[in-house]
Structures are given as C-alpha cells and as structure tokens.
Amino acid sequence: MASVSAPRTTPQSLLEKKQRGEPIAVVTAYDLPSALAADRAGLDAVLVGDSLGMVVLGYGDTLRVTMEEMLHHCRAVSRARTRALRIGDMPFLSYQASTADAVRNAGRFLAEGGMDAVKLEGGRERVAAVRAILDAGIPVMGHLGLTPQSIRALGGFRPQGVTAASALRLLEDALALEETGVFSIVLEAVPERVAALVTSRLRVPTIGIGAGASCDGQVLVFHDLLGFQDSLSPRFVKRYANLLGEAERGLAAYKDDVAARRFPGPEHTYPMPDDEWEKLRSEVGVESGERREEKTRW
Ligand code: KIV
C-alpha cells in the first residue's frame, strides 16, 4: 500500500526513478474506483488510456473514441485526487490534423479532464505536435511500437520492430521524441532485445507493454490484469485476479438471496417508531401483524 504522506508523482520523479534503477509501475484507470485502487496500491502513474473504447465502451478498436468520451473518464479519474501521475491519452484525430488541434485538445485534458500530462502515439511524424504541446506547458508521453490508432496502416494488432530496419526506425523515433522533450515513452509489442536497446539509449524512461523486462517500467490495462473480461488477452498480459468471475459469483448470490427472500434482512431496513406506526395504522386501518405476503398494499 502507498504511504499517505508519499509525495505526488511527477514527470521529473519518474525520470529520477530511472536514474536510480527503480522500476516504474503504471496501470490504466477509467473511473473513480479504478483510480483509487491503483493509487492505494502505490502505482506510480495512472493512464486514462483510449483502450477504454474497447474494455469499457465495447468498441472493436480505439479509433471511434472521441475527445468527449476521454474527458468524461478523465474527470472521473481526476476526482480520485491520486498521488499517482495522471496521464490522459489523446484519441484518434485529436492531434494528427494540425498542431493547433493538438495544443487545444491537449490543453482540454488538463483544464477540463484534470490530467497532469498527455500521451500520444507516433514518432518523427508527431514531433511538431509534441513540440507545440510542450510549448503550451503540457508534459507529453510518447508511444511507439504497436500504436493501436494506426492498426489499419500496421495491418492489425501485431508486434513491431521485428526486422532490423523497423527496429532502427523505432530507435530513431524514440531518440527524436526524447530530443523534442517527452518525459517518457511507451513501447508496445516490441521484441525484448529491441526494447532493451532503446531503453539503454534513452535518458527518459521507457514504459513497456509486451516489450519485456528491460524497460524502465511496465503498463497494463486494468481490465486485462485484473481479469475483468473473458475475451482473449494478448500474450503479454499476466492476470493477477479474476474480477469478472468474482463479480459473477457475487451477483448470482445476490439474485439467489432475492429469489429466496433472504435479502434484505432486518439489518438492511429502516426502523419506524412504534407510536408513529400505530398512528398510521389507525389512519389507514392496517390489521395488526399484517404482512406483505398477506397481500396488503404494504
Ligand atoms: O490506451 C491504452 O491503454 C494504452 C496503453 C496500453 C499503453 O495506450
């Protein structure tokens, strides 16, 4: 559990963790309970990922997620007032069309969503947008490798940087983002040895997801790591709980209790003083001991 007095995580403190060789733990969060759980468990950062489109909203990919949907979930996460750094994921088309869009939308994540920083996908092609957002005083996290907003161009959810040429492009993209000023870079679905190489060449921390243990930190999707869905998870997911199974068990027990009139019990109901009850009884003519199953309107 995190200490209550622990200072808030900042982009700078993540950098210092890398310098001390301390691994950084990040998880996605989409609402108040997930943010509170992550913070109480001592996670360094919570990412309001556009993965919410798939795991919360039921879309088939992240491309349909809108700014309004992202801000709605960011606001819920921000109300948890976490010690963990809060990072908002910029959705598809919120930063690609123009740097003006990128700055305006990144600003909304802080001003309206209560985030501390934003994340966006892409390498050298995003340098202008990243620079403009940084110039507005907004910390930026990069995201390379499998970038789900580009799945149409990538040909699906598949590992990246598997050939020497694509691994070199990935390294050059990472160096360009670092040079521009990102405070960290997510590496998704990249061979471990490529992620290790990139991590060793960067001053800023890499946060891996399906990129092996050599990254400076790890990030997983809340619903994947806690087993909150039964659809197939990618091979890089480790499940630490089966919350969907737990939820099903709890709900079935509730349903059985309701069916058998075991719930609610007297401890779940509100008392009424006897004299008030007597007054009501004489007013409406309820027989003493009259009960619901005796077909009164009560
Ligand atoms: O949207 C998301 O959850 C992400 C993480 C998987 C890095 O981008």
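Residues numbered from 1 in each chain as written. Predicted model: local features only at pLDDT ≥ 70, side-chain atom pairs only at ≥ 80, totals over all residues. Heavy atoms only, no water.

**Student:** How should the packing of aromatic side chains be read in this particular structure?
**Tutor:** Two descriptors summarise a pair of aromatic rings, namely the distance from one centre to the other and the angle between the planes of the rings. Scanning the entire structure with this criterion turns up one aromatic pair. Ring plane angle 70° and centroid distance 5.9 Å describe the contact between Tyr-254 and Phe-263, whose orientation is recorded as edge-to-face. For Tyr-254, a relative accessible area of 47% puts it in the partly exposed group. Owing to a relative accessible area of 34%, Phe-263 belongs among the partly exposed residues under this scheme. (Phe/Tyr/Trp six-rings, centres within 6.5 Å; stacked < 30°, edge-to-face > 60°. Buried < 20%, exposed > 50% of the residue type's maximum accessible area, 1.4 Å probe, protein only.)

**Student:** What should I look at first to understand the packing of helix 6 (residues 127-135) against helix 8 (residues 164-180) in this one?
**Tutor:** Helix-helix packing: each pair is described by the crossing angle between the helix axes and the interaxial distance. Where helix 6 meets helix 8, the closest approach of the two axes is 9 Å, and the angle between their N-to-C directions is 20°. Classified by the angle their axes make, helix 6 and helix 8 are roughly parallel. Helix-helix and strand crossings are classified by hand; for helix 6 and helix 8 the assignment is right-handed. In contact with Val-127, Val-130, Arg-131 and Leu-134 of helix 6, helix 8 contributes Ala-176, Leu-177 and Thr-180. Taken together, the residues that form the contact of helix 6 with helix 8 break down as five nonpolar, one polar and one charged. (Axes fitted to C-alpha atoms, helices over the stretch in contact; angles between N-to-C directions. Helix = DSSP H or I, 4+ residues; strand = E, 2+ residues; numbered from the N terminus. Parallel < 35°, antiparallel > 145°, perpendicular 65-115°, else oblique. Left-handed = near helix turned anticlockwise from the far one by under 90°. Contact = heavy atoms within 4.5 Å. Nonpolar A, V, L, I, M, F, W, Y, C, P; charged D, E, K, R; others polar.)

**Student:** Help me understand a nonpolar patch on the surface in this model?
**Tutor:** A contiguous nonpolar patch, built from Leu-251, Tyr-254, Val-258 and Phe-263 and spanning about 390 Å² of accessible area, is present on the exposed surface. Structurally, the position occupied by Leu-251 is in helix 11 (residues 243-259). (Patch = residues over 30% accessible without salt bridge, like charges linked within 9 Å, V, L, I, M, F, W, Y side chains within 5 Å. Areas by Shrake-Rupley, 256 points an atom, 1.4 Å probe, with all protein chains shown as cover. Salt bridge = Lys/Arg side-chain N within 4 Å of Asp/Glu carboxyl O.)

**Student:** Explain the site of the ligand to me, please; I cannot follow it from the model alone.
**Tutor:** Lining the immediate environment of the ligand, one finds Thr-28, Leu-47, Gly-49, Asp-50, Ser-51, Asp-89, Lys-119, His-143, Val-186 and Ile-209. In the environment of the ligand, an oxygen atom lies 3.0 Å from a nitrogen or oxygen atom belonging to the side chain of Asp-50. Take Lys-119: an N or O atom from its side chain is 3.0 Å from an oxygen atom of the ligand. Contact with the protein chains hides 96% of the accessible area of the ligand, taken as 260 Å² for the molecule alone. Considering only residue class, the shell around the ligand consists of three nonpolar, four polar and three charged. (Near = heavy atom within 4 Å. Polar contact = N/O pair within 3.5 Å; in protein donor to acceptor, adjacent residues only side chain to side chain.)

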